[in-house]
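Results of the structural survey
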Protein chains: 2
Amino acid sequence: MTDKNQRHVTMGDVADRVGVSRTTVSFVLSDRPGANIPAETRRRVLEAVRELGYRPNAAAKSLASQRTHLIGLVTEIATAPFAGAIIKGAQEQAWKDGKLLLIVSAERDRQVEDAAVETMLERRVEGILYATTWHRAVTPPAGAGEVPTVLVNCFDVEGRYPSIVPDEAQGGYDATRRLIDAGHRRIAFIALDPEIPATVGRREGYERALLEAGIEPDETLVVPGYADAEGGYARAHELLALPEPPTGIFCGNDRMAMGAYDAVKERGLRIGHDVGLVGFDNQEIIAGYLRPGLTTVALPFEEMGARAVQMLTESPSASGAFAPLLTHCPLVERASA
Amino acid sequence: MTDKNQRHVTMGDVADRVGVSRTTVSFVLSDRPGANIPAETRRRVLEAVRELGYRPNAAAKSLASQRTHLIGLVTEIATAPFAGAIIKGAQEQAWKDGKLLLIVSAERDRQVEDAAVETMLERRVEGILYATTWHRAVTPPAGAGEVPTVLVNCFDVEGRYPSIVPDEAQGGYDATRRLIDAGHRRIAFIALDPEIPATVGRREGYERALLEAGIEPDETLVVPGYADAEGGYARAHELLALPEPPTGIFCGNDRMAMGAYDAVKERGLRIGHDVGLVGFDNQEIIAGYLRPGLTTVALPFEEMGARAVQMLTESPSASGAFAPLLTHCPLVERASA
DNA sequence: CTGAAAGCGCTAACAC
DNA sequence: GTGTTAGCGCTTTCAG
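Residues numbered from 1 in each chain as written. Chains lettered and ligands numbered in written order. Predicted model: local features only at pLDDT ≥ 70, side-chain atom pairs only at ≥ 80, totals over all residues. Heavy atoms only, no water.

- Identification of chain A as Alanine racemase from Cellulomonas hominis is taken from an unreviewed UniProt entry.

Comments concerning the protein's contact with DNA strand D
- In the vicinity of DNA strand D lie 25 residues, with Ser21, Thr23 and Asn36 of chain A together with Arg22 and Tyr54 of chain B positioned nearest.
- Looking at DNA strand D alone, sugar and phosphate atoms form 65% of those within 4 Å of the protein.
- Tyr54 of chain B is positioned with one of its side-chain polar atoms (N or O) 2.4 Å from a phosphate oxygen of DNA strand D.
- Of all the secondary structure elements, the ones that give two or more residues to the surface near DNA strand D are helix 2 (22-29) and helix 4 (58-65) of chain A together with helix 2 (22-29) and helix 4 (58-65) of chain B.
- Counting residues per element, the surface near DNA strand D draws most heavily on helix 2 of chain B, at four residues.
- When the residues that make up the surface near DNA strand D are grouped by side-chain class, the tally is 11 nonpolar, 11 polar and three charged. (Near = heavy atom within 4 Å. Polar contact = N/O pair within 3.5 Å; in protein donor to acceptor, adjacent residues only side chain to side chain. Helix = DSSP H or I, 4+ residues; strand = E, 2+ residues; numbered from the N terminus. Nonpolar A, V, L, I, M, F, W, Y, C, P; charged D, E, K, R; others polar.)

Points about the protein's contact with DNA strand C
- Lining the immediate surroundings of DNA strand C are 24 residues, of which Met11, Arg22 and Tyr54 of chain A together with Ser21 and Pro38 of chain B lie closest.
- Among the atoms of DNA strand C close to the protein, meaning within 4 Å, 66% are from sugar or phosphate groups.
- Between DNA strand C and the protein, one listed contact pairs a base nitrogen with a side-chain N or O atom of Thr23 of chain A at 3.2 Å.
- Residue Thr41 of chain B places a side-chain N or O atom 3.3 Å away from a phosphate oxygen belonging to DNA strand C.
- For the surface near DNA strand C, the secondary structure elements donating two or more residues are helix 2 and helix 4 of chain A together with helix 2 and helix 4 of chain B.
- Among the residues forming the surface near DNA strand C, the class breakdown is 10 nonpolar, 11 polar and three charged.

A look at the relation of the copies chain A and chain B
- Overlaying chain A with chain B gives an RMSD of 0.1 Å, the required rotation being 180° about an axis along which the chain moves by 0.0 Å. The relationship between the two copies is best expressed as a two-fold rotation axis.
- Of the residues that chain A buries at the interface, 100% are likewise interface residues in chain B, meaning the two copies contact each other through the same surface. (Least-squares fit on C-alpha atoms with pLDDT ≥ 70 in both. Contact = heavy atoms within 4.5 Å.)

Remarks on the packing of helix 9 (residues 229-240) of chain B against helix 10 (residues 254-266) of chain B
All names here are of chain B.
- Where helix 9 contacts helix 10, the two axes come as close as 6 Å, and the packing angle between them is 45°. In terms of orientation, helix 9 lies oblique with respect to helix 10. Considering how the two elements wind past one another, helix 9 and helix 10 form a crossing that is right-handed. Of the residues in helix 10, those in contact with Ala229, Gly232, Tyr233, Ala236, His237 and Leu240 of helix 9 are Arg255, Met256, Gly259, Ala260, Asp262, Ala263, Val264 and Glu266.
- Here the contact of helix 9 with helix 10 is built from residues that sort into eight nonpolar, three polar and three charged. (Axes fitted to C-alpha atoms, helices over the stretch in contact; angles between N-to-C directions. Parallel < 35°, antiparallel > 145°, perpendicular 65-115°, else oblique. Left-handed = near helix turned anticlockwise from the far one by under 90°.)

Here's the deal with the nonpolar core
- With 138 residues, the main nonpolar core has Leu129 of chain A together with Leu129 of chain B as its most contacted residues.
- Contacts of Leu129 of chain B, omitting those with residues within four sequence positions, involve Gly72, Leu73, Val74, Ala90, Val150, Val152, Ala308, Val309 and Leu312 of chain B.
- If you look at the next biggest cluster of nonpolar residues, it comprises 38 residues, including Ala106, Val138 and Val147 of chain A together with Val117 of chain B. (Core = buried A, V, L, I, M, F, W, Y, C linked by side-chain atoms within 4.5 Å. Buried < 20%, exposed > 50% of the residue type's maximum accessible area, 1.4 Å probe, protein only.)

Examining empty space enclosed by the protein
- Under the definition given, this model contains three cavities of 30 Å³ or more.
- Residue lining of the largest cavity: Ala58, Ala59, Ser62, Thr68, Leu70 and Arg123 of chain A together with Ala58, Ala59, Ser62, Thr68, Leu70 and Arg123 of chain B, and that is the complete set.
- When contributions to the lining of the largest cavity are tallied by element, the ones reaching two or more residues are helix 4 of chain A together with helix 4 of chain B.
- Its residues assigned to classes, the lining of the largest cavity shows six nonpolar, four polar and two charged.
- Reported here for the second largest cavity is a volume of approximately 40 Å³. (1 Å grid on protein atoms, 1.4 Å probe; cavity = no way out; pocket = protein on both sides within 12 Å on 5 of 7 lines; lining within 4 Å. Points joined across faces, edges and corners; volume = space filled by probe spheres on them.)

Considering the state of the cysteines
All names here are of chain A.
- Counting across every chain of the model gives zero disulfides over all chains.
- Here Cys329 is not cross-linked by a disulfide; its sulfur's nearest cysteine counterpart is in Cys154, at 15 Å.
- You can call Cys329 buried: its relative accessible area is 0%. (Disulfide = S-S within 2.5 Å.)

Brief notes about the interface of chain A and chain B
- Each side of the interface is counted separately: chain A has 54 residues, and chain B has 54 residues.
- When the two sides are added together, the surface that chain A and chain B hide from each other amounts to roughly 5,100 Å², 59% of it contributed by carbon and sulfur.
- On the chain A side of the contact with chain B, Arg55, Arg124 and Arg291 of chain A bury the most area, a combined 15% of that side's loss.
- Connecting chain A to chain B are seven salt bridges.
- Among the salt bridges present, the one from Arg55 of chain B reaches Glu146 of chain A, with a minimum N-O distance of 2.4 Å.
- Viewed at the interface, chain B and chain A are joined by 20 residue pairs in polar contact (both at pLDDT 80 or more).
- Listed by contribution, the elements that provide at least two residues to the side of chain A that touches chain B are helix 4, helix 5 (83-96), strand 2 (100-105), helix 6 (110-122), helix 9 (229-240), helix 10 (254-266) and helix 11 (284-287) of chain A. (Buried area = accessible area lost by both parts, 1.4 Å probe. Salt bridge = Lys/Arg side-chain N within 4 Å of Asp/Glu carboxyl O.)

Some thoughts on the packing of aromatic side chains
Residues and elements named next belong to chain A.
- Taken as a whole and assessed by the stated rule, the structure comprises six aromatic pairs over all chains.
- Their ring planes at 20° and their centres at 4.9 Å tell us that Phe189 and Phe250 sit as a pair that is stacked. Taken as a pair, Phe189 in strand 6 (residues 187-191) and Phe250 in strand 8 (residues 248-251) lie far apart in primary sequence, 61 residues in all.
- Its relative accessible area of 0% is what places Phe250 among the buried residues. (Phe/Tyr/Trp six-rings, centres within 6.5 Å; stacked < 30°, edge-to-face > 60°.)

Describing helix 4 of chain A
- Where helix 4 of chain A is concerned, the buried positions are Ala58, Ala59 and Ser62 of chain A. Angular distribution of buried residues about the axis of helix 4 of chain A spans 100°; they occupy a single face of the element.
- Here the buried face of helix 4 of chain A lies against helix 4 and helix 6 (110-122) of chain B.
- In this structure Asn57 of chain A caps helix 4 of chain A, since a side-chain oxygen of it lies 2.8 Å from the backbone nitrogen of Ala59 of chain A.
- The positive-phi residue at the C-terminal boundary of helix 4 of chain A is Gln66 of chain A, with phi of around 65°. (Arc of directions from axis to C-beta.)

Take a look at the structure:
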């Protein structure tokens with residue numbers, strides 16, 4: 001329809017059309033404070049803009065103003081049922097702030113990550129978000145740090161970068177607390193890999209909740225499992241076969257809980273009645289569709305993504321090292337506990 | 001560490017350092033064909049670049065060269081277990097082509113979509129991808145079309161834009177075929193909303209497979225269900241209660257299949273033996289963790305994302321209207337059929 | 001083989 | 001109030 005490959009309309013064209021200078025056009029378009037443009041001139045400029053279909057050129061603007069309003073996001077999208085949520089949160093916050101997100105997925109490939117950051121720096125991004133799919137320690141790509149950088153769902157062991165992560169301990173506490181409130185006293189914890197922050201934190205919360213309720217933690221009720229349905233199934237069966245079996249089970253994640261459901265059902269027990277089950281992650285597709293619905297703890301991906309964008313422009317840096325900012329993990333109550 | 005807020009090193013700085021002109025620097029950095037730069041000069045330039053930590057300014061480059069190597073992606077990320085895959089496919093292909101993806105999620109909000117496209121055009125993107133979470137007809141945002149645009153997982157009713165969608169019919173055919181090959185003759189289809197392209201296509205494939213195998217389609221075996229686990233559960237129960245129940249069930253999606261599992265199990269039948277089950281979507285988290293594993297058809301999101309990026313630079317446009325490009329939906333065999 | 005010079009489209013002092 | 005002017009950092013013809 002319209003001129004596709006014809007040269008773009010420039011600010012000068014608009015100025016000519018109205019019979020004013022480019023400065024004037026620039027001023028009305030950027031609503032420059034302290035530029036008293038008569039209403040009539042302003043109107044005519046805007047009109048010309050519309051008629052001519054003028055569209056500012058961001059590159060020219062960036063070059064002249066030295067501002068790009070671009071934020072780079074480096075992440076591992078592949079393995080991610082979750083990454084989408086981080087992107088969404090970050091994107092929406094950025095959009096609100098009038099910024100745009102430049103995204104590149106570097107699947108844990110240091111080469112690609114470095115190249116990605118390099119490219120972003122050439123693009124003069126005003127900040128970089130480095131996000132991971134699961135909570136862990138990382139060493140951010142070279143080049144990050146030349147602009148404000150925030151780590152999302154991960155942290156730098158040396159604390160050189162601000163970072164935002166889920167409050168695993170609080171989540172573990174709330175999950176366990178839920179079981180306690182439902183009347184359970186023997187509560188098991190089917191853990192993930194004992195090394196990772198998620199496990200450490202969740203277990204810490206689990207034990208604190210127990211202690212607070214006057215329940216002595218029982219080592220035999222804390223078992224590590226392979227982080228999927230099979231793992232949850234196997235561990236749950238073992239736990240339920242114990243001489244003094246638990247009546248409440250806190251599963252390291254929803255996938256394990258999914259397996260635990262099968263185990264509980266196979267033993268003829270009713271979930272939510274005979275045995276209470278709580279998961280972690282709130283993977284809608286599991287938690288929401290399991291029958292009965294799985295009570296679980298949600299990972300605040302969207303919120304972390306959004307907050308991270310805000311952090312980019314906040315407090316440039318505290319003096320020493322950065323402690324990860326903990327984000328609340330809300331308990332999502334359904335019917336399993 | 002390094003100069004953070006100091007002015008950036010420019011090409012001129014590099015030129016001065018080496019004692020050549022900016023042109024020369026530009027030529028060696030862009031490997032300009034037909035610019036016979038002596039190896040020694042070239043080496044010295046590269047060295048100076050490294051020493052000075054020179055980083056080209058993309059905005060300046062874009063302004064001068066009138067190329068941005070930017071591709072815009074407008075999508076609805078929220079509702080998406082899938083969107084991530086499209087982004088990933090598109091991102092990786094773009095990266096390979098030396099392009100960057102500008103992403104904005106517009107949750108089916110026309111206002112936001114239009115604004116997003118507008119912003120992208122200001123950014124002078126060289127192409128726009130408009131992707132949806134589920135296969136459907138759309139009317140692309142205003143402004144798209146001013147640059148090459150490709151619709152992903154959706155299509156324009158009027159065929160004004162090239163688009164790429166899943167080959168639903170082929171998927172439905174393969175799914176049904178799988179059941180037939182497993183020896184089933186009475187095969188039911190629990191459909192999604194009968195209006196949507198997914199249902200229409202999958203059903204078409206289902207019937208074609210039946211016919212080809214000499215099986216007369218039986219209307220009573222085709223039932224619409226609410227597209228979630230509850231829906232699948234309910235419909236499966238009804239089907240299995242029929243005087244002449246099906247032994248094979250093709251479920252409109254994996255969530256429904258998930259519900260069907262429960263129904264089949266409750267009737268004391270064994271999945272994969274007494275009754276064959278096939279889903280659609282290949283949602284890893286369901287299909288892979290259900291026990292036994294669910295045989296299903298995968299939606300080629302990554303491939304569509306990647307192909308779409310390629311399409312952007314291909315055949316500018318055929319003459320008349322565009323027919324959606326069908327993408328193969330691979331059957332993923334597990335144990336349920 | 002390399003340099004001078006003219007833009008690319010816009011911003012922002014500084015004048016008028 | 002509005003115009004002049006000098007860049008922003010790079011590409012690219014055109015000379016030499």
